[in-house]
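# Overview (structure and organization)
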Amino acid sequence: MSVASRCLWRSIGTFAKHARPSRLVSSNNNARNFSVSSRVSALDDHFFPGTKCRYTQKLEVLEPDQKDPIPVYRVMDNKGNVIDADEDPQFDKETCLKMYRCMTLLNTMDRILYESQRQGRISFYMTNYGEEGTQIGSAAALDPNDLIFAQYRESGVLMWRGFTLDNFMDQCYGNVSDVGKGRQMPVHYGSTDFHFVTISSPLATQLPQAAGAAYAFKRAQNGQVVMCYFGDGAASEGDFHGALNFAATLECPVIFFCRNNGYAISTPTHDQYRGDGIASRGAGYGIATIRVDGNDVMAVYNVTKVARQISLAQSRPVLVEAMTYRIGHHSTSDDSSAYRTDSEVSYWVKEDHPIGRLGFYMMNRGWWTEQDEKNWKNESRKQVLEAFSRAEKKLKPNPELMFTDVYDEMTPELKKQLSSMKEHVQLYKENYPLGNFESMDK
Amino acid sequence: MGSARIPGQLLFHANKLLFGRNAWGTAASTCLVAKKSSTLAYQPDISPAEFGETTRMNLFQSLTSAMDIVLQDDPTSVVFGEDVAFGGVFRCTVGLKEKYGKDRVFNTPLSEQGIVGFGIGIAVAGATAVAEIQFADYIFPAFDQLVNEAAKYRYRSGDLFNVGKLTIRSPCGAVGHGGLYHSQMPESFFVHAPGLKVVIPRGPIQAKGLLLSCIRDQNPCIFLEPKILYRSAVEEVPVGDYVLPLGKAEVIMEGSDVTLLGWGTQVHVLRQVADLAHDKLNISCELIDLRTILPWDSATVIESVKKTGRLLVSHEAPITGGFGAEIASTIQEECFLHLEAPVQRVCGYDTPFPHVYEAFYLPDKWRCFEALKKMINY
Ligand SMILES: Cc1ncc(C[n+]2csc(CCOP(=O)(O)OP(=O)(O)O)c2C)c(N)n1
Ligand SMILES: [Mg+2]
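Residues numbered from 1 in each chain as written. Chains lettered and ligands numbered in written order. Predicted model: local features only at pLDDT ≥ 70, side-chain atom pairs only at ≥ 80, totals over all residues. Heavy atoms only, no water.

An unreviewed UniProt entry annotates chain B as 2-oxoisovalerate dehydrogenase subunit beta, mitochondrial originating from Ridgeia piscesae. According to its UniProt record, chain B has this under Subcellular location (unreviewed entry): "Mitochondrion matrix". In its Cofactor (unreviewed entry) section, the UniProt record describing chain B reads: "thiamine diphosphate". (UniProt positions renumbered as here; feature names shortened; annotations may be inferred.)

Within an unreviewed UniProt entry, the label attached to chain A reads 2-oxoisovalerate dehydrogenase subunit alpha, and the organism entered is Ridgeia piscesae. According to the UniProt record, the Cofactor (unreviewed entry) comment for chain A reads "thiamine diphosphate". Under the UniProt heading Catalytic activity (unreviewed entry), the note attached to chain A is "N(6)-[(R)-lipoyl]-L-lysyl-[protein] + 3-methyl-2-oxobutanoate + H(+) = N(6)-[(R)-S(8)-2-methylpropanoyldihydrolipoyl]-L-lysyl-[protein] + CO2".

Contacts between the two partners involve 88 residues from chain A, matched on the other side by 61 residues from chain B. In total, chain A and chain B occlude about 6,200 Å² of area from one another, counting both sides; carbon and sulfur atoms represent 61% of this. Inspection of the region where chain A meets chain B yields zero salt bridges. Linking chain A to chain B there are 14 residue pairs in polar contact (both at pLDDT 80 or more). When contributions to the side of chain A that touches chain B are tallied by element, the ones reaching two or more residues are α4 (93-118), β6 (267-268), α10 (269-272), α13 (342-350), α14 (354-364), α15 (370-393) and α16 (412-427) of chain A. (Contact = heavy atoms within 4.5 Å. Buried area = accessible area lost by both parts, 1.4 Å probe. Salt bridge = Lys/Arg side-chain N within 4 Å of Asp/Glu carboxyl O. Polar contact = N/O pair within 3.5 Å; in protein donor to acceptor, adjacent residues only side chain to side chain. Helix = DSSP H or I, 4+ residues; strand = E, 2+ residues; numbered from the N terminus.)

Residue and element names in this part refer to chain A. The protein atoms that coordinate the magnesium ion (ligand 2) are Asp232 (OD), Asn261 (OD1) and Tyr263 (O), at distances spanning 2.1 to 2.2 Å. In the primary sequence, the donor residues of the magnesium ion (ligand 2) line up as D-x28-N-x1-Y. Here the residue Asp232 occupies a position in the loop between β3 (226-231) and α9 (238-249), and Tyr263 occupies one in strand β5 (residues 263-264), the gap between them amounting to 31 residues. A relative accessible area of 1% places Asp232 in the buried class. The class for Tyr263 is buried, based on a relative accessible area of 11%. (Donors = N, O, S within 2.8 Å, 3.2 Å for Na, K, Ca; no water. Buried < 20%, exposed > 50% of the residue type's maximum accessible area, 1.4 Å probe, protein only.)

Next up on the list: the sheet that holds strand β9 (residues 250-253) of chain B. Residue and element names in this part refer to chain B. Overall, mixed pairing links the five strands, which are arranged β9-β11-β10-β13-β14 in an open sheet. A single partner strand is all that each edge strand has here, and the edge strands are β9 and β14 (344-348). Sheet twist, expressed as the average angle between the axes of neighbouring strands with direction ignored, equals 25°. Pairing geometry for strand β13 (residues 311-318) and β14, over five bridges, is parallel. Bridge pairing in β14 links Leu312 to Gln344. With respect to the sheet, helix α14 (residues 323-335) is in contact with β10 (258-262), β13 and β14, its orientation differing from that of β13 by roughly 155°. (Pairing = 2+ DSSP bridges. Axes fitted to C-alpha atoms, helices over the stretch in contact; angles between N-to-C directions.)

All names here are of chain A. On the surface, Tyr215, Phe246 and Leu250 cluster together to form a nonpolar patch covering roughly 290 Å² of accessible area. You can see Tyr215 is positioned in helix α8 (residues 206-220). Tyr215 gets classed as partly exposed once you look at its relative accessible area, which sits at 34%. (Patch = residues over 30% accessible without salt bridge, like charges linked within 9 Å, V, L, I, M, F, W, Y side chains within 5 Å. Areas by Shrake-Rupley, 256 points an atom, 1.4 Å probe, with all protein chains shown as cover.)

What follows concerns the pattern of salt bridges. When the charged atoms of two side chains lie near each other, side chains of opposite charge can form a pair. Per the stated rule, a full pass over the model turns up 36 salt bridges over all chains. Arg357(A) is the salt-bridge partner of Asp293(A), the closest N and O atoms lying 3.0 Å from each other. Taken together, the residues span a long stretch of sequence, with Asp293(A) in strand β7 (residues 288-293) and Arg357(A) in helix α14 at a distance of 64 residues. Judged on exposure class, the residue Asp293(A) and its partner Arg357(A) are both buried. Its salt-bridge partner being Asp45(B), residue Arg202(B) comes within 2.8 Å of it at the nearest N-O pair. One end of the pair, Arg202(B), is in the loop between β6 (197-199) and α10 (204-216); the other, Asp45(B), is in the loop between α3 (30-37) and β1 (54-58), with 157 residues separating them in the sequence.

If you walk through the whole model with that rule in mind, you get 35 aromatic pairs over all chains. In this arrangement the basic side chain of Arg365(A) is found over the ring face of Trp367(A), its NZ or CZ atom lying 5.9 Å from the centre. Lying over the aromatic face of Tyr349(B), Arg367(B) brings its terminal NZ or CZ to 4.2 Å of the ring centre. (Phe/Tyr/Trp six-rings, centres within 6.5 Å; stacked < 30°, edge-to-face > 60°. Lys NZ or Arg CZ within 6 Å of the ring centre and 35° of its normal.)

The next point concerns the sheet that holds strand β1 (residues 147-149) of chain A. All names here are of chain A. On the basis of which strands lie adjacent, the open sheet formed by six strands has the order β2-β1-β3-β4-β8-β7 and parallel pairing. Here the strands that pair on one side only, and so sit at the sheet edges, are β2 (196-197) and β7. Judged from the six bridges that link them, strand β4 (residues 254-260) and strand β8 (residues 318-323) form a sheet pairing that is parallel. Note that in β8 the partner of Cys258 across the bridge is Glu321. Packing against the sheet, helix α5 (residues 132-141) makes contact with β3, β4 and β8, and its axis sits at approximately 170° to β3.

For the rest of this paragraph, the subject is the site of ligand 1. Taken together, 22 residues form the shell around ligand 1, and within it Tyr152(A), Arg153(A), Asn261(A), Tyr263(A) and Glu112(B) come nearest. Looking at what sits near ligand 1, you find residues from chains A and B. In the model, a nitrogen atom of ligand 1 is placed 3.0 Å from a nitrogen or oxygen of the Leu203(A) main chain. Within the side chain of Asn261(A), one N or O atom sits 2.8 Å away from an oxygen atom of ligand 1. Burial of ligand 1 by the protein amounts to 96% of the accessible area it has alone, namely 590 Å². Broken down by class, the residue content of the shell around ligand 1 amounts to nine nonpolar, seven polar and six charged. (Near = heavy atom within 4 Å. Nonpolar A, V, L, I, M, F, W, Y, C, P; charged D, E, K, R; others polar.)

With that settled, the discussion passes to the domain arrangement of chain B. Residue and element names in this part refer to chain B. Each assigned domain of chain B is listed here: domain 1 (52-238) and domain 2 (250-376). On a C-alpha basis, the centres of domain 1 and domain 2 stand 26 Å from each other. If you look at the interface, domain 1 gives 27 residues, while domain 2 gives 25 residues. The contact between domain 1 and domain 2 buries some 2,000 Å² in all, and 60% of this surface belongs to carbon and sulfur atoms. Of all residues in domain 1, Val191, Ile200 and Arg202 bury the most surface against domain 2, accounting for 29% of the area lost on that side. Inspection of the domain 1/domain 2 interface yields two salt bridges. In this structure, Arg202 and Glu250 form a salt bridge, with 3.0 Å as the shortest nitrogen-oxygen distance. For the interface between domain 1 and domain 2, the tally reads 15 residue pairs in polar contact (both at pLDDT 80 or more). Contributing elements (two or more residues each) for the side of domain 1 that touches domain 2: α9 (187-190), β6 and α10. In terms of residue class, the side of domain 1 that touches domain 2 is built from 16 nonpolar, eight polar and three charged. (Domains from an automatic or database assignment.)

Have a look at this one:
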């Protein structure tokens, strides 16, 4: 079938339904003109299903860079000066201090746990260096009861909510006090007290789950939203796309919060996507979107507040893209000098650091001095080290916990396996690290 | 403001160690494999003389060598996956992008279904695809592409199309502290997909020859690499091109009383069990490395069990529905009258792979030894 006859056939179909024959017939000596006139006459008040698009006579190729990149909202400049006073969230001194202390405590904890892994005292660790503003700013803007689905680099969010240093350390050690019962690698935190769903390593799986939870919240009318964090790399997974589309079509009160820190392990964002970041995808799914400077804790706070309001009041998803930088290595298994330069990293350390920016702001106001900084550094370090040695001294849990929680109740087969494990370990005691574990039931 | 110093930064961030090149003297993945290797007794294989000149390589280097040969010989071949361009998180592709260019050795976006689907497309177009899934634990987003697409391409098209030029490599297995998602052995999920081949090497010489076979085999192959062996397994590996047969088990120790059957890391555990059995019980074990899980070499195993009358099969994956069950079933059917004791399976328990309980979870040499003792005294 030629293009011309295809157009003719389609137009006639339309024509039969919405008879406006005169112009159609009069201009049909050339296929192009024919279809053009049919567009103008028959269809200008009628759209293809699910669209509201107008017709055009101009064959235009839509280039992805035709529009300017989505701007990055910020409140403070790099030196902590508020650029537009109207945008200042006007935190009181207490709130500012709490944010600053949380960001720096997180940083101190990271440094000590990172080093402890290098010394072989815990098996693995991931730092949050450079993303403290993204984490604390967003956490502070949520209601404490909003449910959080996170990726793994959001420890500050949990710390803001009240997860203690002991809680963190216990999980990293997988000791008797770990609420996760020692089953997961370090940094896979979870807490029902703080409405934080336990971290899972497979990337992006939490995104459609967050949409589902938000749907249930909407039906329950509980006044809460769901917050879902993920990385620029995770956003390439199929689950990301499914999740945004579900949340949009099912009108779920969920915030999809992307921490765009420039890398997924060694992979720079240029190898990850070619659009305008993650934010540009929002419109494609019909989702309200904001891009924010993730190193500006106040901007992140303002944006998350607004996202939450929209999401809750209008029961729909909001996509937030926080632009930041992963200053640390991906994890203790990574050496980032293999794929980026020291000077690239040191720009973000020296020139645009979220802790530095808030610190400047507070100093400008006389709320924080170098002496305060020194005292707090010592104090926070002491707190972290104390929690660390408490966690290190604790035993690992009873090995029987390996078999519980596979199901709500242990199956007969699992019971058999448990007792044969116990019998075996009893028989070969000297070959198992029983001294590090709580003793098994008799 | 009182000071030109940047608050927070000097005190909290000037972590020189963090940014110094190789400050910690480690490369990616070192710590993921360092710990357990001390307890893993690796006994190197000896390369047959006909494979020619050798050089010292660990397992990841022997894989690099295999891919190097393919990229050299086959101009259509490409190597790709997450973080592959800089050498991969386990260093298996180091230097290949520099040598063959970024259109042949490249990073993909972070999507396993994308990686496998893309690889299938390359293979359908007649080119050679060697794709890496960063951890076998993360292969499941690609399950549909592997099980419904790759496995069935030839069959459903009446052999009009096939994806024989597709090979998926992926690190697998326990390392001592990988927890739920950096430890799994997923082989039995894939043996239920006729059309796929599933191969697991036990060391560097095997890895290179088997990977070259997988890449050249005209069927889609999943090549699972026990990641604890990447650095700890070192051998004199032939530098040139050679292949080892797929679908063929290898008897690596002959014996008369019990057949021990495993694959990957577990072969080395079973070797220790054979030594224990010899020293403590004066029992002679025949040790077999299955190497290819699908299609599996039942003939070699049957022949061995007819001789020894006993079979112990061991794998890290959970016992229920594990490949040991398939083997046990075939052996009781084929060797019933030869058996002196029921086939024993010593495997992971039926739980997710647990972090701090790993020492209790794994089918270690003591659990295997105890099962062997029971078989002897049956
Ligand atoms: C499904 C899946 N594939 C691969 C991995 C391995 N992996 C862990 S983190 C990571 C990079 C994630 O990058 P991003 O989402 O940008 O988060 P960031 O680490 O930068 O915070 C990869 C590839 C995984 N955990 N899950
Ligand atoms: Mg990232």
